[in-house]
Amino acid sequence: MSKKFNLFSISFLIIYFLAGIFLSLNTGISHDEYHEQLNWKVNLNSIKDFFLSGSYDNLLNYRDRYHGIGFNILSQPLQYLIKDSISIYLDINEYGSVLISKHVIVFVLFFISGIFFYSTCRFFFKDKKFLIISLLLFYSYPYLFGHSHFNPKDIPFLSFWIINTFFICKIINKFYKNKKLSFKIVFLLSIFTSILISIRIVGILIFLQYLI
C-alpha cells in the first residue's frame, strides 16, 4: 500500500473524528433523550432503594421498566466528567449539557466500532485497500453517520453487536488454527454480550449468530 494512501486514510480518520465530535455537540436534543435520561434515573434510584430498604417498587411500577440501561451504565460517569465543559462551550444549563454530553460518547463508541468492523473484515479479506475502503463506506453511510451524533439506543446497540461479532470471529479463527483459546477473549465476549442485551433485549438474538 502506498504511503499516499496511508496518509489519506489517517488524515480522513482524524478529520472524521474531529468533525463527528463537533457535529455531535451541535446536533441539538432529540425528543426521546429526556425519556432515556428518566429511565436511567428511575433505575438508579431503584438500585439505591434496594440496597437501603430491600425494596424497588418504583421500578416495578414504572411503565418502561423493561427499557435497557446498559449503555447508560457506561456513559453516565463519562457524561458527568465532560458536562461542565460542554455547558460552558454551548452556554446551556446543566441538564442540557448532561444530555448533549451523551452525544459525544455515542459518536466515540461508533468510531471505535468502526475499528472493530475493520478488524472483523480482516478475517475474510486480505487486501488492505479494500479493507480501508470498506471502513470509509461504513463511516460515511449517511444514516449511520447521522444517527451517530445523537442516537443513544440504536448506535450503541449496533456498535456492541459489531464488537461481539469481532470477538466471536476471533474465537472461531483460533479454533480453526488449533490455537489455545484465552480466558480473556471469552471473558470479553461475555461482558460485551451482556451489555448488548442490556441495551435492547432483542440482543439475545446474537446467540443465533454465535451458534451459526
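Each remark here, short or long, concerns the structure printed above.
Residues numbered from 1 in each chain as written. Predicted model: local features only at pLDDT ≥ 70, side-chain atom pairs only at ≥ 80, totals over all residues. Heavy atoms only, no water.

Q: Requested: an account of the overall build of the chain, with residues and values cited.
A: Tallying secondary structure elements over the chain gives 10 helices and 0 strands in all. In sequence order, the chain lays out its α and β elements as α-α-α-α-α-α-α-α-α-α. Projected onto its principal axes, the C-alpha coordinates of the chain cover approximately 60 × 45 × 25 Å. Taking all 212 residues of the chain together, the buried fraction comes to 42%. Carbon together with sulfur atoms contributes 69% to the accessible area of the chain, which is approximately 12,800 Å² in total. (Helix = DSSP H or I, 4+ residues; strand = E, 2+ residues; numbered from the N terminus. Buried < 20%, exposed > 50% of the residue type's maximum accessible area, 1.4 Å probe, protein only. Areas by Shrake-Rupley, 256 points an atom, 1.4 Å probe, with all protein chains shown as cover.)

Q: Quick one: what's the story with the nonpolar core, residue by residue and with numbers?
A: If you look at the biggest cluster of nonpolar residues, it comprises 40 residues, and the most contacted ones within it are F110, Y139, F160, I163 and F167. Here this core gets 11 residues from one element, more than from any other, and that element is helix α5 (residues 94-121). For F160, the contacting residues outside a window of four places in its chain are L74, L109, F192, I195, L196 and I199. (Core = buried A, V, L, I, M, F, W, Y, C linked by side-chain atoms within 4.5 Å. Contact = heavy atoms within 4.5 Å.)

Q: How would you sum up the pattern of salt bridges? Please name residues and give values.
A: Overall, the coordinates contain 4 salt bridges when judged by the stated rule. Close ionic contact of R63 with D64 constitutes a salt bridge, the shortest N to O distance being 3.7 Å. A relative accessible area of 72% places R63 in the exposed class. A relative accessible area of 13% places D64 in the buried class. We note a salt bridge from D154 to R200, for which the minimum N-O separation is 2.8 Å. (Salt bridge = Lys/Arg side-chain N within 4 Å of Asp/Glu carboxyl O.)

Q: Mind laying out the packing of aromatic side chains, listing which residues take part and the relevant values?
A: Within the structure shown, the criterion is met by 25 aromatic pairs. With a centroid separation of 5.7 Å and 75° between ring planes, the pair formed by F50 and F51 is classed as edge-to-face. Judged by relative accessible area, F50 falls into the partly exposed class, the value being 42%. Put simply, the rings of F8, F12, Y16, F17, F107, F110, F111, F117, F138, Y139 and F145 touch in pairs and so form one group of aromatic residues. (Phe/Tyr/Trp six-rings, centres within 6.5 Å; stacked < 30°, edge-to-face > 60°.)

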